[in-house]
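These are the residues of each chain, in order.
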Amino acid sequence: MSKKNRDVTDAVLSHSGDFRSDWLRSTGATHMAPLPSHTGLSRTIAQRAVAGARESGAEGVLVVPIDPGLGDTTASESPLSTEALLDLGSRQEDRSGLLLVADNFRGALLLRPGYALVAGTQEFVRGAVPEGTDQAKTEFQRYARKARSGAGTTVLTAVAGEFRPLTKTWKTPRDVPATSHHGHQLELMRQLAAGAVEGPSFARQWLDERRRAMNAGERLGDALTTALDEVFYALEDYSIDPSLRDEDDLTDEELRDQVAHVMTRLDDAERRP
C-alpha cells in the first residue's frame, strides 16, 4: 500500500486529535512548538512544512484533511514545493483543518483554527522552525496576547500557556552567559574588533556558534537579535576564501569595521541608565 493511501491520521494522531505519544517517542520529538496560523495553510506554513520535510530527508509532504470527529480521510501527496503544497491545500474546504506530514513520517504540522503545532525529529524541526522552538514559543505568546477578543482567544491563550519557553531571554550583552553560544559569538566580535582574530577564522567560528545557538534554543531580546543579524548579513557579503572574493565583497577591514560598529552600539546602549 502506498504512503499516499495510508490512513496517516492513525499513524500520527490520537483519537482525541493530538499527536500520538508513541509517534512522538519514535521520532524523538522531545520539543513541539506552536506557530501563528491566521488562515490555515498560508505560504509561511507551507514553506515551513517543505523545509522541515526536506531537512529530514523526505521526498514529499502528505496532506490530510481532518475534522473534529477525525473521520475517514485520504492523504494526498505534494512534492517538496511550496507552490505545489499551497495548490493542493487550496482544494480543501477547511484550510485550518489539515495535517501536513513528511512522507517519511519524521515530522508533521497540525493546522487548527488560529494556530499550528509542529513536531518531529531534530532535523525536521530545525528545518521547519529555524528560529528555534523557544523563540517560536516566545513569538506565539506575543501573538496570543495581541489576538482580538473572541472565542478563539481563550484557545490561543491556553496553547501559549502549555508551550512556554524553556530558557530565559537575554536582553543585553551583560545578560548573556560567557559559556553560551551567543556569549561565544559576542566574544568573537570583540576579538575581531580588537584585531585579535582574522576575518576568515572569525567567520567560520561565528557562523558555527550561530548554528549551535539555534539548535540549543538560546533566545535574545530584540536589540541583541538585530545586532547579531547585522553581523550575519555582513558575513553574507564576505568571502571566507580570499581567492574567491569578488570586487563587491567586504574586505577584512570592512568586515572588522562593521562588527566594531555593532559592538560599540551595543556597549553604548548598555551604559545608558
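Residues numbered from 1 in each chain as written. Predicted model: local features only at pLDDT ≥ 70, side-chain atom pairs only at ≥ 80, totals over all residues. Heavy atoms only, no water.

Caption draft 1: A look at the overall build of the protein chain. Across its full length, the protein chain holds 11 helices and eight strands. Summarising the internal contacts of the protein chain: among those between residues at least 6 apart in sequence, 67% fall at separations of at least 24. Counting only carbon and sulfur atoms, one obtains 48% of the accessible surface of the protein chain, whose full area is about 14200 Å². (Helix = DSSP H or I, 4+ residues; strand = E, 2+ residues; numbered from the N terminus. Contact = heavy atoms within 4.5 Å. Areas by Shrake-Rupley, 256 points an atom, 1.4 Å probe, with all protein chains shown as cover.)

Caption draft 2: The sheet that holds strand 2 (residues 60-65), seen in detail. Pairing in this open sheet of six strands is antiparallel, and the strands run 1-6-5-4-2-3 from one edge to the other. Two strands bound the open sheet, and with one partner strand each, they are strand 1 (32-37) and strand 3 (76-79). Across the sheet, the mean angle separating the axes of adjacent strands is 20° when strand polarity is ignored. Its contacts with the sheet put helix 6 (residues 133-146) on strand 1 and strand 6 (114-120), and the angle it makes with strand 1 is roughly 40°. (Pairing = 2+ DSSP bridges. Axes fitted to C-alpha atoms, helices over the stretch in contact; angles between N-to-C directions.)

Caption draft 3: Layout of the environment of Glu162. Looking at the element boundaries, Glu162 is found in helix 7 (residues 151-162). Take Glu162: its relative accessible area is 59%, and that puts it in the exposed class. The spatial distance from the C-alpha of Glu162 to the C-alpha of Ala33 is 9.9 Å, given a sequence separation of 129 residues. (Buried < 20%, exposed > 50% of the residue type's maximum accessible area, 1.4 Å probe, protein only.)

Caption draft 4: The arrangement of the pairing of strand 5 (residues 107-112) in detail. Counting buried positions along strand 5 yields six of six residues, so the element is predominantly enclosed. Of the two faces of strand 5, the one holding Gly107, Leu109 and Leu111 and the one holding Ala108, Leu110 and Arg112 are both buried throughout. Here strand 5 pairs with strand 6 via six bridges, running antiparallel. The partner of Ala108 across the bridge, within strand 6, is Ala119. If you look at the hairpin formed by strand 5 and strand 6, you'll find one residue sitting between the two strands.

Keep in mind these values describe shape, not function.
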